[in-house]
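Tertiary structure, described
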Amino acid sequence: MTADSAARVGSVVVVGAGIQIPGHLTLQSLTALSQCDDIFTILTPELASLLPRELVPKARSLWKHYQPGMRRRDAYDDEIKAILSVAQQGHRVAYLTVGNPVFFDSVTQGLLIEGTRLGIGVEIFSAVSAIDAIFTDLRQDVAPGCQIYDASSIVAYGISLRPDVPCLLLQPDLFGTGYVAFGHEPTPRAMEPLKQYLLRFYPSSHVVTYVTSAVTKSSPPGLASFALGHLGGTEEAPQTPGASLFIPAAEELKPDQAFVERMSDARTFSESYRKVAARQTARPARLAAAKNYDAVVLLSGGLDSAVLLHHMIRAHGPAVLALHMAGAGSSQETIAARTVAADASVDL
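Residue numbers here run from 1 along each chain, matching the order of that chain's written sequence. Totals for whole chains, interfaces and linings use every residue, but because this is a predicted model, local features are given only for residues with pLDDT of at least 70 and side-chain atom pairs only at 80 or more, for both listing and counting. Only hydrogens and water are set aside when side-chain values are computed; all heavy atoms of the structure are taken into account.

Our next topic: the side chain of Asp 137. Checked against the element boundaries, Asp 137 lands in helix 6 (residues 130-138). Lacking a salt bridge, the buried Asp 137 has Arg 139 as its closest oppositely charged neighbour, with an N-O distance of 7.8 Å. Between N or O atoms, a polar contact is any pair within 3.5 Å; within protein, one atom must be a potential hydrogen donor and the other a potential acceptor, and residues adjacent in sequence are included only when both atoms are from side chains. Side-chain polar atoms of Asp 137 contact the side chain of Ser 213, separated by 2.5 Å. If we ignore the near neighbours within four places in the chain, the residues touching Asp 137 are Val 211, Ser 213, Pro 221 and Leu 223. Numbering of helices and strands starts at the N terminus; helices are DSSP runs of H or I of at least 4 residues and strands are runs of E of at least 2. Relative accessibility decides the category of a residue: with a 1.4 Å probe and only protein chains considered, values under 20% of the type maximum give buried, values over 50% give exposed, and everything between is partly exposed. Charge convention: Lys and Arg are scored as positive, Asp and Glu as negative, and His as well as the terminal groups of each chain are ignored. One speaks of a salt bridge when a side-chain nitrogen belonging to Lys or Arg is within 4 Å of a carboxyl oxygen belonging to Asp or Glu. By definition, residues are in contact when any of their heavy atoms lie within 4.5 Å.

Let us look at the pairing of strand 4 (residues 92-97). Of all six residues that make up strand 4, six are buried, and the element is covered over most of its length. With burial as the criterion, each face of strand 4 is covered, one bearing Arg 92, Ala 94 and Leu 96 and the other bearing Val 93, Tyr 95 and Thr 97. Bridge count between strand 1 (residues 11-16) and strand 4: six bridges; the pairing is parallel. Among the inter-strand pairings, Val 12 is bridged to a residue of strand 4, identified as Val 93. Two strands form a pair only when DSSP identifies at least two bridges running between them. Bridge count between strand 2 (residues 38-41) and strand 4: four bridges; the pairing is parallel. If you follow Phe 40 over to strand 4, its bridge partner there is Tyr 95.

Our focus in this paragraph is the sheet that holds strand 10 (residues 244-247). Across the sheet, five strands lie side by side as 6-7-10-8-9; this open sheet has mixed pairing. Unpaired on one side and paired on the other, strand 6 (147-150) and strand 9 (222-227) mark the two borders of the sheet. Going across the sheet, the axis of each strand differs from the next one's by a mean of 20°, ignoring polarity. To obtain an axis, a line is fitted to C-alpha atoms, over the contacting stretch when the element is a helix, and the angle between two such axes runs from 0 to 180 degrees between their N-to-C directions.

The next thing to look at is the sheet that holds strand 4. Ordered in space as 3-2-4-1-5, the five strands form an open sheet in which the pairing is parallel. Looking at which strands have only one partner, the edges of the open sheet turn out to be strand 3 (59-61) and strand 5 (121-125). If you compare each strand with its neighbour and ignore which way they point, the axes differ by 25° on average. Most of the contacts of helix 4 (residues 72-87) go to strand 4, to which it runs at about 155°, and overall it touches strand 1, strand 2 and strand 4.

Moving on to the environment of Phe 104. Mapped onto the fold, Phe 104 is located in the loop between strand 4 and helix 5 (106-118). Accessibility expressed as a relative area gives 44% for Phe 104, which makes it partly exposed. Sequence separation between Phe 104 and Leu 170 is 66 residues, and the spatial gap between their C-alpha atoms is 8.8 Å. The residues touching Phe 104, leaving out its near neighbours within four places in the chain, are Ile 148, Tyr 149, Asp 150 and Leu 170.

Moving on, we come to the packing of aromatic side chains. The criterion for an aromatic pair is that two Phe, Tyr or Trp rings (for Trp, the six-membered ring) have centres within 6.5 Å, with stacked assigned to planes under 30 degrees apart, edge-to-face to planes over 60 apart and tilted to the rest. Applying the stated rule across the entire model yields seven aromatic pairs. Between Tyr 210 and Phe 226 the ring centres are 5.3 Å apart and the planes differ by 45°, which places this aromatic pair in the tilted class. Taken together, the residues Tyr 210 in strand 8 (residues 207-212) and Phe 226 in strand 9 connect sequence positions 16 residues apart. Taken individually, Tyr 210 and Phe 226 each receive the classification buried, so the pair is uniform in this respect. Through a chain of ring-to-ring contacts, three or more aromatic side chains come together here, namely Trp 63, Tyr 66, Tyr 76 and Phe 182.

Okay, structure coming up:
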């Protein structure tokens with residue numbers, strides 16, 4: 001440890017990578033990761049290699065902490081200790097996890113609790129969650145609502161399900177065990193308690209869907225629909241579980257008719273809601289025609305680069321100066337790129 005690192009106060013940034021790597025990483029998250037000394041991640045080596053080139057050398061895999069047969073809680077504790085021990089040495093480190101870091105991630109919660117106890121600052125950067133990706137894959141609106149639970153928890157805590165509201169069960173492939181199941185799949189016997197519990201609320205013939213969202217843009221999502229009574233399969237033909245189990249509503253919602261009529265009543269609206277003055281929304285400052293700039297960014301490419309430049313200008317103002325259009329693939333794409341960039345007051 002150098003004198004410089006000892007003088008600094010260590011910190012941790014928790015970053016969600018989203019579901020598709022690297023497409024779901026935000027500009028804010030990429031900036032935070034670029035400022036870290038080390039990036040601890042549960043991304044597989046294959047997915048970690050898809051990170052921006054300058055971040056790959058910083059990646060530190062946490063997979064060594066997941067050993068088949070050990071309790072997941074112990075693996076999480078080992079990860080938390082590994083990350084915080086480096087932060088305690090004065091480094092700025094990152095924990096890069098899949099999805100949204102506060103959706104069903106015990107390591108994030110452990111870092112927040114232990115980081116506070118040790119006086120280490122912890123920042124969190126959100127991202128697309130598995131729940132977002134699942135409803136996109138299903139092409140279904142989440143309205144009017146959805147029940148979302150960990151698959152094991154509904155049985156462990158005896159949580160009652162409403163058959164008239166869709167339900168999403170996460171981690172069915174880890175149902176009924178607190179152990180690391182890497183390289184393993186549940187048998188029909190393992191899934192039997194879940195099936196029997198669900199049959200208390202839904203008929204055996206009710207069609208449910210396993211959803212496994214794609215982790216790269218080139219791969220399609222995995223959707224497998226089947227009757228609930230077939231959950232787990234048989235000993236001769238065990239079922240391969242998906243990442244999440246979507247259970248559509250088996251019954252229609254029954255509205256409170258009086259309340260619905262009240263919602264459509266003009267007099268009730270005028271009595272319950274008062275008119276307010278229109279709020280003025282401040283527009284981001286446009287790129288000024290100045291001679292001196294803090295930085296010049298050249299981006300090659302077509303429409304994607306133009307959109308990125310557009311957002312960077314709105315976020316950072318004159319720090320961004322120009323766009324290099326050498327990589328535009330077609331005249332139509334070039335025109336679209338020029339349109340986006342022009343809206344940001346940039347001459348191409």
